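This is what each chain is made of:
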Amino acid sequence: MRSSTALRTSTNSNELGSLLARRGTDLILAIEDGNALIRCHVSSATAAAMLAPLKGKAAGQFRPLPGNLVEIDAAVTLAAAVKMLEAKATAERRPHLN
């Protein structure tokens, strides 16, 4: 049996939002034993870019929020986390069209 590289870690958006606000950030990355936990609130465009490296294995890893935001709360391999963070940086450098 093959294990998934992404697992849902929390269902409480308010809890994650409060944690991010207390830390004054939009992303928390925790690394342990070669795996990573990524927790963030980002725009829907940035979320799409960040979830692309998971190649469709992102079910349950994100939730739409008001204001065109998406909550990502996923446990992934370290390699996937690096790809997700690179995608986030690239997406946030792109000019936004209004």
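See the structure above.
These remarks concern the structure in this document.

Basis of the calculations
Residues numbered from 1 in each chain as written. Predicted model: local features only at pLDDT ≥ 70, side-chain atom pairs only at ≥ 80, totals over all residues. Heavy atoms only, no water. Helix = DSSP H or I, 4+ residues; strand = E, 2+ residues; numbered from the N terminus. Buried < 20%, exposed > 50% of the residue type's maximum accessible area, 1.4 Å probe, protein only. Areas by Shrake-Rupley, 256 points an atom, 1.4 Å probe, with all protein chains shown as cover. Patch = residues over 30% accessible without salt bridge, like charges linked within 9 Å, V, L, I, M, F, W, Y side chains within 5 Å. Salt bridge = Lys/Arg side-chain N within 4 Å of Asp/Glu carboxyl O. Expected span 1.5 Å × (residues − 1). Arc of directions from axis to C-beta. Contact = heavy atoms within 4.5 Å. Polar contact = N/O pair within 3.5 Å; in protein donor to acceptor, adjacent residues only side chain to side chain.

What about the overall build of the protein?
Looking only at helices and strands, the protein has 3 helices and 5 strands in total. Listed by position from the N terminus, the elements making up the protein come as β-α-β-β-α-β-β-α. Residues classed as buried in the protein amount to 36% of the 98 residues present. Carbon and sulfur atoms make up 56% of the accessible area of the protein, which amounts to about 6100 Å² in all.

Concerning unusual backbone geometry
The phi dihedral of D33 falls on the positive side, at around 55 degrees, and the residue is not glycine. Along the polypeptide, D33 turns up in the loop between β2 (27-32) and β3 (35-43). At N68, a residue that is not glycine, the phi angle is positive and equals roughly 60 degrees.

A short note on a nonpolar patch on the surface
A contiguous nonpolar surface patch, about 320 Å² in accessible area, is contributed by L29, I31, L78 and V82. Those elements that provide at least two residues to the nonpolar patch are β2 and α3 (78-93). Inspection of the secondary structure assignment puts V82 in helix α3.

Description of α3
In a regular helix each residue adds 1.5 Å, so 16 residues correspond to 22 Å; α3 covers 23 Å between its end C-alpha atoms and thus fits that length. Where α3 is concerned, the buried positions are A80, A81, M84, A87, K88 and A91. Within α3, the buried residues cover an arc of 125 degrees as seen down the axis, which keeps them to one side. On its buried side, α3 packs onto β2, β3, α2 (44-51) and β5 (69-77).

Observations regarding the side chain of R39
Tracing the chain through its elements places R39 in strand β3. Exposure remark for R39: the relative accessible area of 13% places this residue in the buried category. At 3.2 Å, the side chain of R39 and the side chain of D73 are in polar contact.

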